[in-house]
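Examining the three-dimensional arrangement
Chain by chain, the residues run as shown.
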Amino acid sequence: MKIRELYFEDTFTLSEILEKMDFQSDLNKLFDEAKKQPEAQAYLGAQLFLAFGKKWHRAKDEIIRFISDITDEPIDKVKKIKFSELKELLSELFKDEELQSFIKRVSEGQK
């Protein structure tokens, strides 16, 4: 599965996901730490994946819908993707600078 470019409309689903997950960690610290790493985007993607993975059961339906939207795949197919494929997908997604910027702005609003 390939991820399409993110659009303004995607921010609404992302906002739902972040709110349902009640993500209170200091994401700004995570972003700052990533800048110190030799492969900053890969590091950040992995750290975001771990951080979100702890609470993503809270936004199960929204996450599935979001992945379906950004891959243009039906929800039933998204529900059955292998974990290794999901990991690649999310890693690629969390490397997106626009997504990182959106998450950073949202986290600044949570302080």
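Read on for a plain summary of the structure.

Criteria and cut-off values
- Residues numbered from 1 in each chain as written.
- Predicted model: local features only at pLDDT ≥ 70, side-chain atom pairs only at ≥ 80, totals over all residues.
- Heavy atoms only, no water.
- Helix = DSSP H or I, 4+ residues; strand = E, 2+ residues; numbered from the N terminus.
- Buried < 20%, exposed > 50% of the residue type's maximum accessible area, 1.4 Å probe, protein only.
- Polar contact = N/O pair within 3.5 Å; in protein donor to acceptor, adjacent residues only side chain to side chain.
- Contact = heavy atoms within 4.5 Å.
- 1 Å grid on protein atoms, 1.4 Å probe; cavity = no way out; pocket = protein on both sides within 12 Å on 5 of 7 lines; lining within 4 Å.
- Points joined across faces, edges and corners; volume = space filled by probe spheres on them.
- Nonpolar A, V, L, I, M, F, W, Y, C, P; charged D, E, K, R; others polar.
- Phe/Tyr/Trp six-rings, centres within 6.5 Å; stacked < 30°, edge-to-face > 60°.

Inspection of the secondary structure puts Thr71 in helix H4 (residues 60–71). Owing to a relative accessible area of 6%, Thr71 belongs among the buried residues under this scheme. Among the polar contacts listed, one links the side chain of Thr71 to the backbone oxygen of Ile67, at a separation of 2.6 Å. Sequence-distant contacts of Thr71, that is, excluding residues within four places in its chain, are made with Met1, Lys2, Ile3, Val78 and Leu89.

The subject of this paragraph is the layout of surface pockets. Taken as a whole, the largest pocket encloses approximately 210 Å³ of empty space. Forming the boundary of the largest pocket are Trp56, His57, Lys60, Ile63, Ile64, Ile67, Val78, Lys79, Ile81 and Leu86. With 4 residues, H4 is the largest single contributor of residues to the lining of the largest pocket. Across the lining of the largest pocket, the residue classes tally to 7 nonpolar, 1 polar and 2 charged.

Moving on: the packing of aromatic side chains. One pass over the full model with this rule turns up 1 aromatic pair. Between the aromatic rings of Phe8 and Phe12, the centroid separation amounts to 5.1 Å while the plane-to-plane angle is 80°, which identifies the pairing as edge-to-face. Of the residues examined, Phe8 reaches a relative accessible area of 64% and is grouped as exposed.

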